[in-house]
Amino acid sequence: MNANITPNNPPYPAYRATEKGSFAWDSTVRRWPIIIDSSLNDMQQAVDSIQDDNCDKKKEGKSIITALQQLKQEIADDKPLRLLKDLDDDCTTWNTHITSYFENATWFNGSWLFNECYLYRRMREMYSLTIHWRTYDVFNNQKIATFRGSSASVFDLATKLPTMIDPDLSMEKQALIFQELLQVCLWGNATDLSLLTNMTEDDIKRLQAIEKEKLAEQLEFIVVNHTCQVWDKLKHMENARIDFILDNSGFEVFVDFVFADWLIQTKRASKVVFHCKTIPWFVSDVIPKDVPILLDCCLDRGFFPGQPSAEQLDNLETLVTRWQSYLSSGQLELTSHPFWCTGLAYRTLPTEAPELFNELKTSSSLVIFKGDLNYRKLVYCCQWPVTTPFRDALGSDLADGFTSVLSLRTNKAETIVGLSVAKESQLEATVPVNEWKCAGKYAVVAYNDGPSDGTSS
Ligand SMILES: O=P(O)(O)OC[C@H]1O[C@](O)(CO)[C@@H](O)[C@@H]1O
């Protein structure tokens, strides 16, 4: 293992697009151009809808289209990662990271983790440099359209949840409900726009399914499963603060609300904090404006297709109205921090964002990291032996000097740790490696218990 760890020199070799055929290479040569093309389409429609051809907004919109096309070419030409030019609050931090760790790095030879984050920050720069497009979210329409397609599971959950939240249930029953909700929260991560793989509509419906038997079938796809340790932590927890480092908007944040609702209703949490990104990120990640938009969609009785019944709409309205009351009472808090939109692994949290690190360490009993990118940043996104213990990949600051950490991740990138030798052998022998590592169909529930003398209840 590398002793002198830096962002471009992780504990084990970084994934880089210079490795032809790797997922990093496929992202750089195929997936990222698709994402930029879909942003170009969105921008073209937005610019075409502006009537006045000579107004500044239309001119700025066209400059963004040109900048997106130039970005695509810059990546294809494997240019160096240039410094950012906008005046956003995080610009200096980003440029310090580039000059300190990625001097002379290019789109192909920089670490895939940093480069993918840099891609979205470069897209942000295009909007930051304008007057009329500063707050425009080029992924907004896709986020809403994908949520609209999740209506079956949204209504299923809205109908089922009241029976699942009964605080008078026996501990055994609560354990079963916890396992179901944890899985629903986990698999909600599968509906992710930036993956753009061959996942079919049926694949997504299967992954979003919440029926008991479907969830039982899914257990075999969880290749690292610390659910029991999480239940040991939660079963007697009372009036704690629990933090969600969010991932995707749409159905995933909907199920995050469902899980948070259960934590609050069963009095395990008196406060839940949702941490959003600060800029449009990885296509579908949640930024603060996405939450009220999502809740309003749920309350709009004409939003979902397929003529839902009055009862279904009423159930959803009851649920969402309660969530809105959590937000207005402060039981559920929505926040964002620029640290979640850097290109660095989370081992840097104590030095890059000491106030955030200390707040979570001292106030939160459990920090739940949702999704693949958060997982990659927790484990430094490198070529760990897959049987490396999760705590070793976290590093001592997060494993021993922080609070309890739970990662709920569907596998959408090659880095993974925590497998048993038996599970590694079974997967290597039966499933194509890209299928279980990158296709979003297998998952990880990885948990590290915080220090017992911390805030943990
Ligand atoms: O939304 P999530 O679960 O963090 O997924 C983002 C992941 O999708 C990808 O863009 C493609 O798999 C990864 O590079 C990235 O980590």
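Not measured: the values here are computed from a predicted model.

Definitions and limits used
- Residues numbered from 1 in each chain as written.
- Predicted model: local features only at pLDDT ≥ 70, side-chain atom pairs only at ≥ 80, totals over all residues.
- Heavy atoms only, no water.
- Domains from an automatic or database assignment.
- Contact = heavy atoms within 4.5 Å.
- Buried area = accessible area lost by both parts, 1.4 Å probe.
- Salt bridge = Lys/Arg side-chain N within 4 Å of Asp/Glu carboxyl O.
- Helix = DSSP H or I, 4+ residues; strand = E, 2+ residues; numbered from the N terminus.
- Nonpolar A, V, L, I, M, F, W, Y, C, P; charged D, E, K, R; others polar.
- Buried < 20%, exposed > 50% of the residue type's maximum accessible area, 1.4 Å probe, protein only.
- Core = buried A, V, L, I, M, F, W, Y, C linked by side-chain atoms within 4.5 Å.
- Pairing = 2+ DSSP bridges.
- Axes fitted to C-alpha atoms, helices over the stretch in contact; angles between N-to-C directions.
- Left-handed = near helix turned anticlockwise from the far one by under 90°.
- Right-handed = clockwise from strand over helix to strand, strands pointing away.
- Near = heavy atom within 4 Å.
- Polar contact = N/O pair within 3.5 Å; in protein donor to acceptor, adjacent residues only side chain to side chain.
- Areas by Shrake-Rupley, 256 points an atom, 1.4 Å probe, with all protein chains shown as cover.

## As for the domain arrangement of the chain
Thinking step 1. By the assigned domains, the chain splits into domain 1 (23–137) and domain 2 (141–452).
Thinking step 2. Taken over C-alpha atoms, the centre of domain 1 sits 28 Å from the centre of domain 2.
Thinking step 3. Counting residues at the interface gives 22 residues for domain 1, matched by 29 residues for domain 2.
Thinking step 4. Both sides of the domain 1 and domain 2 interface together cover about 2,100 Å² of buried area, and 63% of this is carbon and sulfur.
Thinking step 5. Taken as a group, Phe23, Leu113 and Asp137 account for 31% of the area that domain 1 buries against domain 2, more than any other trio of residues on that side.
Thinking step 6. Residue Arg376 is joined to Glu116 by a salt bridge in which the shortest nitrogen-to-oxygen separation is 3.0 Å.
Thinking step 7. Mapped by element, the contributors of at least two residues to the side of domain 1 that touches domain 2 are helix H1 (23–48), helix H3 (91–101) and helix H4 (112–128).
Thinking step 8. Residue classes in the side of domain 1 that touches domain 2 are distributed as 11 nonpolar, 3 polar and 8 charged.

## What to know about the pattern of salt bridges
A side chain with one charge can pair with a side chain of the opposite charge if their charged atoms come near.
Thinking step 1. Under the defined criterion, the tally for this structure stands at 31 salt bridges.
Thinking step 2. With a shortest N-O distance of 4.0 Å, Lys233 and Asp449 are connected by a salt bridge. Of this pair, Lys233 sits in helix H10 (residues 227–234) while Asp449 is found in the segment after strand E7 (443–448), placing the two residues 216 residues apart along the sequence.
Thinking step 3. With relative accessibility at 9%, the residue Lys233 sits in the buried group.
Thinking step 4. Judged by its relative accessible area of 46%, Asp449 falls in the partly exposed class.
Thinking step 5. Its salt-bridge partner being Asp314, residue Arg301 comes within 2.7 Å of it at the nearest N-O pair. Placement of Arg301 in the loop between helix H12 (290–299) and helix H13 (310–329) and of Asp314 in helix H13 is noted, with a sequence separation of 13 residues between them.

## Comments concerning the nonpolar core
Thinking step 1. Within the largest apolar cluster, 100 residues are counted, with the highest numbers of intra-cluster contacts made by Leu234, Phe244, Phe254 and Phe259.
Thinking step 2. It is helix H11 (residues 251–265) that provides the largest number of residues to this core, a total of 11 residues.
Thinking step 3. Counting residues in each nonpolar core, the second largest holds 50 residues, with Leu68, Phe108, Met123 and Ala413 among its members.

## Brief notes about the sheet that holds E7
Thinking step 1. Strand order across the open sheet formed by 7 strands is E1-E7-E6-E5-E2-E3-E4, with mixed pairing between neighbours. Sheet topology places strand E1 (222–225) and strand E4 (332–336) at the edges, where each strand pairs with a single neighbour. Sheet twist, expressed as the mean angle between neighbouring strand axes with direction ignored, is 15 degrees.
Thinking step 2. As paired elements, strand E3 (residues 269–276) and E4 share 5 bridges and run parallel to each other. The residue of E4 that forms the bridge with Phe274 is Leu334.
Thinking step 3. Sitting on the sheet, helix H7 (residues 171–187) touches E1, strand E2 (240–245), strand E5 (366–370), strand E6 (404–410) and E7, and the angle it makes with E6 is about 60 degrees.

## Some details on the packing of H3 against H4
Thinking step 1. Where H3 meets H4, the axes come as close as 13 Å, and the angle between the chain directions of the two elements is 145 degrees. Taken as a pair, H3 and H4 cross one another with a handedness that is left-handed. Facing Cys91, Trp94, His97 and Ile98 of H3, the residues of H4 in contact are Phe114, Cys117, Tyr118 and Arg121.
Thinking step 2. Per-class residue counts for the contact of H3 with H4 are 6 nonpolar, 1 polar and 1 charged.

## Here's the deal with the pairing of E2
Thinking step 1. Burial analysis of E2 places 6 of its 6 residues in the buried class, the great majority of the element.
Thinking step 2. The side-chain alternation of E2 yields two buried faces, one formed by Ala240, Ile242 and Phe244 and the other by Arg241, Asp243 and Ile245.
Thinking step 3. As paired elements, E2 and E3 share 6 bridges and run parallel to each other. Within E3, the residue paired with Ile242 across the bridge is Val272.
Thinking step 4. Since E2 and E3 lie parallel, the crossover through H11 that links them has a hand, and here it is right-handed.

## Observations regarding the site of the ligand
Thinking step 1. Of all residues adjacent to the ligand, which total 16 residues, the nearest are Glu116, Asp247, Asp372, Arg376 and Lys412.
Thinking step 2. One of the side-chain N or O atoms of Asp372 is found 2.6 Å from an oxygen atom in the ligand.
Thinking step 3. One of the backbone N or O atoms of Leu373 is found 2.8 Å from an oxygen atom in the ligand.
Thinking step 4. Look at the ligand: alone it shows 390 Å² of surface, and the protein chains cover 100% of it.
Thinking step 5. Of all the secondary structure elements, the ones that give two or more residues to the shell around the ligand are H1, H4 and helix H16 (372–378).
Thinking step 6. Element by element, the count of residues in the shell around the ligand is highest for H16, at 3 residues.
Thinking step 7. A breakdown of the residues in the shell around the ligand according to their chemical character gives 5 nonpolar, 4 polar and 7 charged.

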